[in-house]
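Structure at a glance
Chain by chain, the residues:
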Amino acid sequence: MTSLTINDTPHVVEVEPDTPLLWVLRDILNLTGTKYGCGAGLCGACTVHVNGIPERSCQVSIGDLNGASVTTIEGIGTPGQLSILQQEWVACQVAQCGYCQSGQLMQATALLQENSAPTDEDINAAMSGNLCRCGSYPRLRAAIHAAAKRMAD
Amino acid sequence: MAVGKILRRGFLIGSAAIAGGVAFGTYRYLQPFENPLDPAAGETTLNPYILITAAGVSIITPRAEMGQGIHTTLAALVAEELDLDWQQVTAIHGPPAAAYLNASAMALGLPTAEYDDRSIRRVGKGAVRVAQKLAFGIQLTGGSTSTTDAFDRMRRAGAAARMVLTQAAGKRWGIDPILLKTEAGQVIDADGRSLSYTDLAADAAQIIPPADPPLREPANWRLLGQTLPRLDMVPKVTGTARYATDIDLPDLLCASVRATPFAGGTMIGLDTNNANTLPGVRQIVSLGNGVAVVADNTWIAMKALDQVDVTWSPPAYPATTEAQMARIESAFDTRADSTLRDDGLAEVVVEAARAESLSLVEARYTVPYLAHATMEPMTATALFKGDQLTIWCGTQVPTLARDTAAAHVGLDPDQVTIITTFMGGGFGRRSETDYTTQAAQIAVALPDVPIRMTWRREEDISHDFYRPAAIARLTGAVGPGRPEAIDMAVAAPSVLAGQSNRMVGFAPPLADKLLVEGAFDQPYALPNFRVSGHAADTGIPVGVWRSVGHSYNTFFLESFLDEMAHAGELDPVAMRLALLEPEHTPSARTLESVAAMANWGQQLPEGTAQGVGFCHCFGSSVAQVVQVSDVEGQISVDHVWCAVDVGQALDPGNIEGQMESGILFGLSAAMFGQITFADGVVEQSNFHDFDSLRMDRTPLITTRILQNNLRMGGVGEVGTPPVAAALANAIFALTGQRIRDLPLANAVSFT
Ligand code: FES
Ligand code: FES
């Protein structure tokens, strides 16, 4: 049994402790915005925040999360109330198939929380674990810069 | 079974129509298809593309949204003519139906050069459309055809609906409809009174729509030609877009699949005892050539697959990459399956070059098998209840997915409902039906239980319908100032034969265009030019992969042209321009444009070089220049310039996005993509050994869109073909090393 907070809501999950957080989110809590891409920490599609740090949820066991605070894509904004980063994602028309985008947004949100004015090199360092088979990288980069600029203004 | 019969008979009609005699076909063609929409109480449908509800107008966009932005562009076609504001537009995929079949797609298989109107007229594009309507009736998203296919049809749907809505308003007010105008989903009279489409829909449905409503001139367009905000953007940035792997139903169970590692093989022994006892495992289902584990969650299902004890029949094909390539090479010894270009006396000139003053160039090129590796692995959700099967899936071929699944589980197609979801990438992979049929099999084995099936990434990489490995043998002769001849032979497993066999049970009796496209059909006025294709039977399943034959033939031909330019001491751009100009002006302008963008011919800094590549494909002309630099002995890919002539640019922002996407897809493959075999098994398994470009290695990309081509071309696949050759040519310019085998990373290292 694991007690944790997800998107500010307390949850008690009863499942084998070695179950990856990814599958708890998707299959048990129906938070399907977080995606499975590789199950091996290679693609970043499953990225969420655990206590504010971006983590690959396919690599985190639920048993290790007692008392933890988890944020998923559903927790950073909604269609009616987009975060600044999500607004810039829309303005730059970043997403193509969209499947990697939850992970990209979670990774980029964490980047901007830590570094309010990232350089291209900072963006490369933070984002290169997140694969996009559609090649949305040029727009992704533009959206991160645009959001950083807006947050600074 | 029933499917096979219908399709087979259909195909024969199709062949007859291609050969001539379309009177019967023409008659049938003029009959409108039944409107497949089934409006609920209070809803009205005016034609297969328009559903009007209390909330407003929903536009049916019956092509699969794989990331290419097609829902947005198709919806804009209707909205333009119907006078909807963009904020009012909603799009839904709609049901699989004959009304939505893709009439343009079959023309792709025709042995004609697309840039050449004369050759298309000879075969008769119209005849083919009729043939396809009668025959395949396949609702396909592929071949970069969606927009060209819909361009007239969906605008007319919007225009016809606008006319009947206006007439309905005129009747209600007793005013001549000519005095009424439409705006933002309303009909408005001279005094400013207004009636909403929702209000008028039921009346409008009683009026017979015009068969051939006039369409607006492009100069008057409000939406088309503009970059529109994508309709799927907000759902995709908030995690609320639903893919087939996200469907939530009460009491749902999760499944994953492990099929034989030996393509085409079967399971000859199965022991489920170990796996059955694992906590959370509910059932193990035999699929004939594999097993599915159904469990409480996906993780348990994926893990338990390895505990199932299975014996597979051994591979019935050459079991190593070397043996595979040898099998492909041996196809050169057989008669060519397609020689779609044979101008002048290519072999004679090449022969003469051996003796005379012409420079002789000879080369052998190879490319490997490639996986699609869509970001979302193969997934589907299915429920069998009563005698009805419902499948939620991301598919490029909903009618085929329905019919194939039905045949496999012994249902009639009308007992199967396909609900097409967003898909996490397609690239051609989702034009196959293996995974949708698996979901059907599992659901039928567990009646009344919704099953959500998600493949492991390892299954996805190792159970693909691969881009074929291919070999080219080229000889060429360059005279003073210009190339005189190219004789090119290509050997590869046939995508056309493979996919047709899976769809209809036999290969079509047509020359295999896909084998040689990107070579024979290029608008080069080369006086002596022969291209022949040799289909190889390798036993490895092959399928369409973003840009199909162009993905390898463009690499072969454009690299070889570069070799010829260097042998003849010609500038690679100028040499191509001289060949394009007399044959196809828009293509010449495209190449010229990219050369100007990249400032081709300038003095580049030390350790920097450029390479060029060109292709005419899917009705568009595309040219690219790649710039590379030497960083301590490693190659850095710095910039890609791309000029593309799409004839008519409906959404420039989306076209630019598709070029970037296609270029990065092609670059990833060219730099490090390969699927190899050992002991009959695919050696790659996940993104560590089948990787793609990441953010840090993504070059700058600059795109310019041109509109000189007379007809509208496709965009989804067009960015991919030229980039491999442009990069290899740049590496040659930088290092003097000519790399003739992909991936390039086997020969050089990248930063
Ligand atoms: S699914 Fe977790 S990193 Fe790919
Ligand atoms: S948008 Fe398709 S994988 Fe990133």
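Residues numbered from 1 in each chain as written. Chains lettered and ligands numbered in written order. Predicted model: local features only at pLDDT ≥ 70, side-chain atom pairs only at ≥ 80, totals over all residues. Heavy atoms only, no water.

Once that is clear, we can look at the domain arrangement of chain B. Residue and element names in this part refer to chain B. For chain B, the assigned domains read domain 1 (32-102 + 138-236), domain 2 (244-314 + 378-454) and domain 3 (321-370 + 466-746). Computed from C-alpha coordinates alone, the two centres of domain 1 and domain 3 are separated by 40 Å. At the boundary of domain 1 and domain 3, one finds 0 salt bridges. At the boundary of domain 1 with domain 3, the tally comes to 5 residue pairs in polar contact (both at pLDDT 80 or more). Those elements that place two or more of their residues in the side of domain 1 that touches domain 3 are α3 (70-82) and α6 (146-173). Broken down by class, the residue content of the side of domain 1 that touches domain 3 amounts to 7 nonpolar, 13 polar and 1 charged. (Domains from an automatic or database assignment. Salt bridge = Lys/Arg side-chain N within 4 Å of Asp/Glu carboxyl O. Polar contact = N/O pair within 3.5 Å; in protein donor to acceptor, adjacent residues only side chain to side chain. Helix = DSSP H or I, 4+ residues; strand = E, 2+ residues; numbered from the N terminus. Nonpolar A, V, L, I, M, F, W, Y, C, P; charged D, E, K, R; others polar.)

Our next topic: the sheet that holds strand β5 (residues 181-183) of chain B. Residues and elements named next belong to chain B. With antiparallel pairing, the 3 strands of this open sheet are ordered in space as β5-β6-β7. Each edge of the open sheet is held by one strand with a lone partner, namely β5 and β7 (194-196). Going across the sheet, the axis of each strand differs from the next one's by a mean of 30°, ignoring polarity. As defined by bridge partners, strand β6 (residues 186-188) adjoins β7 across 3 bridges and the pair is classed as antiparallel. (Pairing = 2+ DSSP bridges. Axes fitted to C-alpha atoms, helices over the stretch in contact; angles between N-to-C directions.)

Here we take up the domain arrangement of chain A. Residues and elements named next belong to chain A. Assigned domains within chain A: domain 1 (2-75) and domain 2 (84-152). A straight line from the C-alpha centre of domain 1 to that of domain 2 covers 21 Å. Each partner contributes residues to the interface: domain 1 has 16 residues there, and domain 2 has 13 residues. For the domain 1 and domain 2 pair, buried surface summed over both sides reaches about 1200 Å², with 56% attributable to carbon and sulfur atoms. Counting the contacts that link domain 1 with domain 2 gives 0 salt bridges. At the boundary of domain 1 and domain 2, one finds 6 residue pairs in polar contact (both at pLDDT 80 or more). Those elements that place two or more of their residues in the side of domain 1 that touches domain 2 are β3 (47-50) and β4 (53-56). (Contact = heavy atoms within 4.5 Å. Buried area = accessible area lost by both parts, 1.4 Å probe.)

All names here are of chain B. The end-to-end C-alpha distance of helix α13 (residues 398-409) is 17 Å, a good match for the 16 Å that 12 residues give at a rise of 1.5 Å each. Most of α13 is tucked away, with 11 of its 12 residues classed as buried. Those residues of α13 not exposed but buried are P398, T399, L400, A401, R402, D403, T404, A405, A406, A407 and V409. Directly beyond the C-terminal end of α13, a positive phi value near 75° is found at G410. (Expected span 1.5 Å × (residues − 1). Buried < 20%, exposed > 50% of the residue type's maximum accessible area, 1.4 Å probe, protein only.)

Formed by 178 residues in total, the largest nonpolar core has its most connected members in W89 of chain A together with I486, F556, L667, L727 and L744 of chain B. If you tally residues by element for this core, the top one is helix α21 (residues 652-672) of chain B, at 10 residues. Residues within four places of L727 of chain B in sequence aside, it is in contact with V626, V628, V637, L667, M671, L744 and F750 of chain B. (Core = buried A, V, L, I, M, F, W, Y, C linked by side-chain atoms within 4.5 Å.)

So, on to the interface of chain A and chain B. With 54 residues of chain A in contact, the opposing surface of chain B contributes 62 residues. Together chain A and chain B conceal approximately 4500 Å² of surface at their shared face, both sides included; 59% is due to carbon and sulfur atoms. When the buried surface of chain A facing chain B is broken down by residue, Q96, Y99 and R133 of chain A rank first, second and third, together holding 18% of it. If you look at where chain A meets chain B, you find 5 salt bridges.

Our next topic: the pattern of salt bridges. Residues and elements named next belong to chain B. Taken as a whole, this structure holds 41 salt bridges over all chains when the rule is applied. R354 is the salt-bridge partner of E351, the closest N and O atoms lying 3.3 Å from each other. Linking E351 with R354, this pair stays in helix α12 (residues 346-355), spanning 3 residues, or about one helical turn. One salt bridge in this structure joins E376 and R430, with 3.3 Å as the shortest N-O distance. With a gap of 54 residues between them, E376 in the loop between β14 (359-367) and β15 (379-385) and R430 in the loop between β17 (416-420) and α14 (434-445) connect regions that are remote in the sequence.

Moving on, we get to the sheet that holds strand β3 (residues 56-60) of chain B. All names here are of chain B. Pairing is mixed in the open sheet, where 4 strands are placed in the order β1-β2-β3-β4. Here the strands that pair on one side only, and so sit at the sheet edges, are β1 (44-47) and β4 (90-92). On average, each strand axis in the sheet is inclined to that of its neighbour by 30°, with strand direction left out of account. Examined bridge by bridge, β3 and β4 share 3 bridges and lie parallel to one another. Pairing of I59 across the sheet is with A91, part of β4. On top of the sheet, α3 reaches β2 (50-53), β3 and β4; it is set at about 130° to β3, its chief contact. Seen against the sheet, α6 touches β1, β2 and β3 and runs at an angle of roughly 120° to β1.

All names here are of chain B. Counting through the fold element by element, L727 comes out in helix α22 (residues 721-735). By relative accessible area, which is 0% here, L727 ends up buried. L727 sits 116 residues away from G611 along the chain, and the two C-alpha atoms are 6.0 Å apart.

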